[in-house]
Amino acid sequence: MSDGFPATLPEPPYWAVIFTSAQADDLDGYSATAARMLELARRQPGFLGVESVREGGRGVTVSYWRDLESIRAWRDHPEHREARRHGREQWYRRWALRVARVERDGPPPEAAEPVP
């Protein structure tokens, strides 16, 4: 699939991993690690795409996956595990991770046909 903005995705259902964060002051190594994680994620079986925004030290990244097994495999990837450790210990003051099943994907409500 893709990682454009917005991402081009298949018909639902699929899964979204939503990562929100507030960065800490010490970002040494963050940019290189973030680029590496994106490179690795794109190679993972079941990866569908990603959308990410960051401004003023706050960020939201949504990655899309075919199924929960793909998400678990990404969670357990050794390099991703190490990056998460750095995030907890160094790069983020606060963060949250949410996993949701996407049931509908379409135009904004004002552009959509009425739901019967």
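As a reminder, the structure under discussion sits directly above these lines.
Throughout, a residue's number is its position along its own chain's written sequence, starting from 1. Local features are withheld for residues below a pLDDT of 70 in this predicted model, meaning they are given only at 70 or higher, and side-chain atom pairs are given and counted only at 80 or more; totals for whole chains, interfaces and linings count all residues. The side-chain values count all of the structure's non-hydrogen atoms but skip hydrogen atoms and water molecules.

1. Remarks on the pattern of salt bridges
A side chain of one charge can pair with a side chain of the opposite charge when the charged atoms of the two come close. What makes a salt bridge here is a side-chain nitrogen of Lys or Arg within 4 Å of a carboxyl oxygen of Asp or Glu, nothing more. What the rule picks out here adds up to ten salt bridges. Residue Arg36 is joined to Glu39 by a salt bridge in which the shortest nitrogen-to-oxygen separation is 2.9 Å. Here Arg36 pairs with Glu39, and both are found in helix α1 (residues 30–43), just three residues apart, close to one helical turn. With relative accessibility at 32%, the residue Glu39 sits in the partly exposed group. Three or more residues are tied together by salt bridges with common partners; here these are Arg36, Glu39, Arg43 and Glu79. Think of it this way: any DSSP run of H or I at least four residues long counts as a helix, any run of E at least two long counts as a strand, and we number them from the N terminus. Type-normalised accessible area, obtained with a 1.4 Å probe on protein chains alone, sets the label of each residue: buried when under 20%, exposed when over 50%, and partly exposed for intermediate values.

2. Considering the sheet that holds strand β4 (residues 92–102)
A sheet is described by the order of its strands in space; here four strands give the open sequence β2-β3-β1-β4, paired in antiparallel fashion. Of all strands in the sheet, those bounded by a partner on one side alone are β2 (47–55) and β4. Recorded for the sheet is a direction-independent mean angle of 10° between the axes of neighbouring strands. In this analysis, strands are considered paired if DSSP registers two or more bridges between them. Note on definitions: angles span 0 to 180 degrees between N-to-C directions of axes, and those axes are lines fitted to C-alpha atoms, for helices only across the stretch in contact.

3. A word on helix α2 (residues 68–76)
Those residues of α2 that fall on the buried side of the exposure criterion are Ser70, Ile71 and Trp74. The buried residues of α2 occupy an angular sector of 100° when the element is viewed end-on, so they sit on one face. In this fold, the buried residues of α2 make contact with β1 (14–23), α1, β3 (58–65), α3 (78–91) and β4. Here the arc refers to the directions that run from the helix axis out to each C-beta atom. Any two residues having at least one pair of non-hydrogen atoms within 4.5 Å are treated as being in contact.

4. Focus on the side chain of Gln23
If you trace the backbone, Gln23 turns up in strand β1. Here Gln23 is in contact with Tyr30, Arg54, Gly57, Trp91, Tyr92 and Arg93, once residues within four sequence places are set aside.

5. Digging into unusual backbone geometry
Following Pro12, the chain continues to Pro13 via a peptide bond in cis, the omega torsion being 10°. Looking at the secondary structure, you find Pro13 in the segment before β1.

6. Side note on the packing of aromatic side chains
The description of an aromatic ring pair uses the distance of the two centres, along with the angle that the planes make with each other. Any pair of Phe, Tyr and Trp rings, taking the six-membered ring for Trp, is counted once the centres come within 6.5 Å. Such a pair is stacked with planes under 30 degrees apart, edge-to-face with planes over 60 apart, and tilted for the rest. Using the criterion set out here, one finds seven aromatic pairs in the structure. Where Phe19 meets Trp95, the ring centres are 6.2 Å apart and the plane angle is 35°; that geometry is what we call tilted. Of this pair, Phe19 sits in strand β1 while Trp95 sits in strand β4, placing them 76 residues apart in sequence. A relative accessible area of 21% means that Phe19 is categorised as partly exposed. Between Trp65 and Trp74, the ring centres sit 6.2 Å apart and the planes meet at 25°, which makes this aromatic pair stacked. Accessibility expressed as a relative area gives 1% for Trp65, which makes it buried. Joined through ring pairs, the aromatic side chains of Phe19, Tyr30, Trp91, Tyr92 and Trp95 make up one cluster.

Note that every value here comes from positions in space, so none of it alone points to a role or purpose.
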